[in-house]
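Residues per chain, in single letters:
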Amino acid sequence: ETPSEFSNENFFKILSNEEVLGYGYIGKAPAKTTDFDFLVLFDEDFIITKSKVLVYREEYGGEIGSKRWLKQFVGTAASGKKLEYNEDIIPISGATISVQSMTRAINDLLKSIALLHQKSLL
């Protein structure tokens, strides 16, 4: 069991001529009243290369979708340390719930990938 859920519909290999270039994960995280959808791309060593908020459904907090804020996750490895809100991840006024939720979702994803990789399931 892992903190994040995996299926053929939300976790996939990125291939070019049968060579693995990386991996992608599409997930959901809670905002104040509803979930938002996000995408995380990894290189072949499960290091984050990009993160993106795909659909944000709330009136407030949409600033977490900014490229500048999302860059904080780039370079984080599945085998690395847990990201801490207000230390590693900068808070955004008016988006506290979403920032904490996205941070938690990324941490859960990284922990899940590390567990699966450790058990040679990836």
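Further up the page is the structure itself.
Bear in mind the structure is a predicted one, so any value in this text is a computation, not a measurement.

It is worth spelling out the overall build of the protein chain at this point. Regarding its fold elements, the protein chain presents two helices and four strands. Moving toward the C terminus, one meets the helices and strands of the protein chain in the order β-β-β-β-α-α. Relative to the 2.2 N^0.38 estimate, which gives 14 Å for 122 residues, the radius of gyration of the protein chain is 14 Å and therefore close to what a compact globule would have. Oriented by its inertia axes, the alpha-carbon framework of the protein chain measures out at about 45 × 30 × 25 Å. In the protein chain, once contacts between residues fewer than 6 apart in sequence are set aside, the share between residues at least 24 apart is 43%. For the protein chain, the exposed surface amounts to about 7600 Å²; the carbon and sulfur share of it is 48%. Within the protein chain, the 17 negative side-chain charges are centred at a point lying 4 Å from the centre of the 14 positive side-chain charges.

Turning our eyes to something else, we now look at the packing of aromatic side chains. Evaluated as defined, the whole model comprises eight aromatic pairs. Ring geometry for Tyr 23 against Phe 46: centres 4.3 Å apart, planes inclined by 20 degrees, an arrangement best described as stacked. Here Tyr 23 is found in strand β2 (residues 19-30), whereas its partner Phe 46 is found in the loop between β3 (35-43) and β4 (48-55), with 23 residues between them in sequence. The residues Tyr 23 and Phe 46 share a single accessibility class, namely buried. When the centroid spacing of 5.6 Å and the interplanar angle of 40 degrees are considered together, the rings of Phe 36 and Tyr 56 count as tilted.

To continue, consider helix α2 (residues 96-118). With 23 residues, α2 extends 33 Å from end C-alpha to end C-alpha; this agrees with the ideal 33 Å at 1.5 Å per step. Among the residues trailing α2, Ser 120 stands out with phi positive, at a value near 55 degrees.

With that settled, the discussion passes to unusual backbone geometry. Unlike most non-glycine residues, Phe 46 shows phi in positive territory, near 60 degrees. Residue Phe 46 is classed as buried on the basis of its relative accessible area, which comes to 4%. Even without being a glycine, Ser 120 presents a positive backbone phi close to 55 degrees. Here Ser 120 is to be found in the segment after α2.

What counts and how
- Residues numbered from 1 in each chain as written.
- Predicted model: local features only at pLDDT ≥ 70, side-chain atom pairs only at ≥ 80, totals over all residues.
- Heavy atoms only, no water.
- Helix = DSSP H or I, 4+ residues; strand = E, 2+ residues; numbered from the N terminus.
- Rg over C-alpha atoms; globule rule 2.2 N^0.38 Å.
- Contact = heavy atoms within 4.5 Å.
- Areas by Shrake-Rupley, 256 points an atom, 1.4 Å probe, with all protein chains shown as cover.
- Lys, Arg positive; Asp, Glu negative; His and termini not counted.
- Charge placed at Lys NZ, Arg CZ, Asp CG, Glu CD.
- Phe/Tyr/Trp six-rings, centres within 6.5 Å; stacked < 30°, edge-to-face > 60°.
- Buried < 20%, exposed > 50% of the residue type's maximum accessible area, 1.4 Å probe, protein only.
- Expected span 1.5 Å × (residues − 1).

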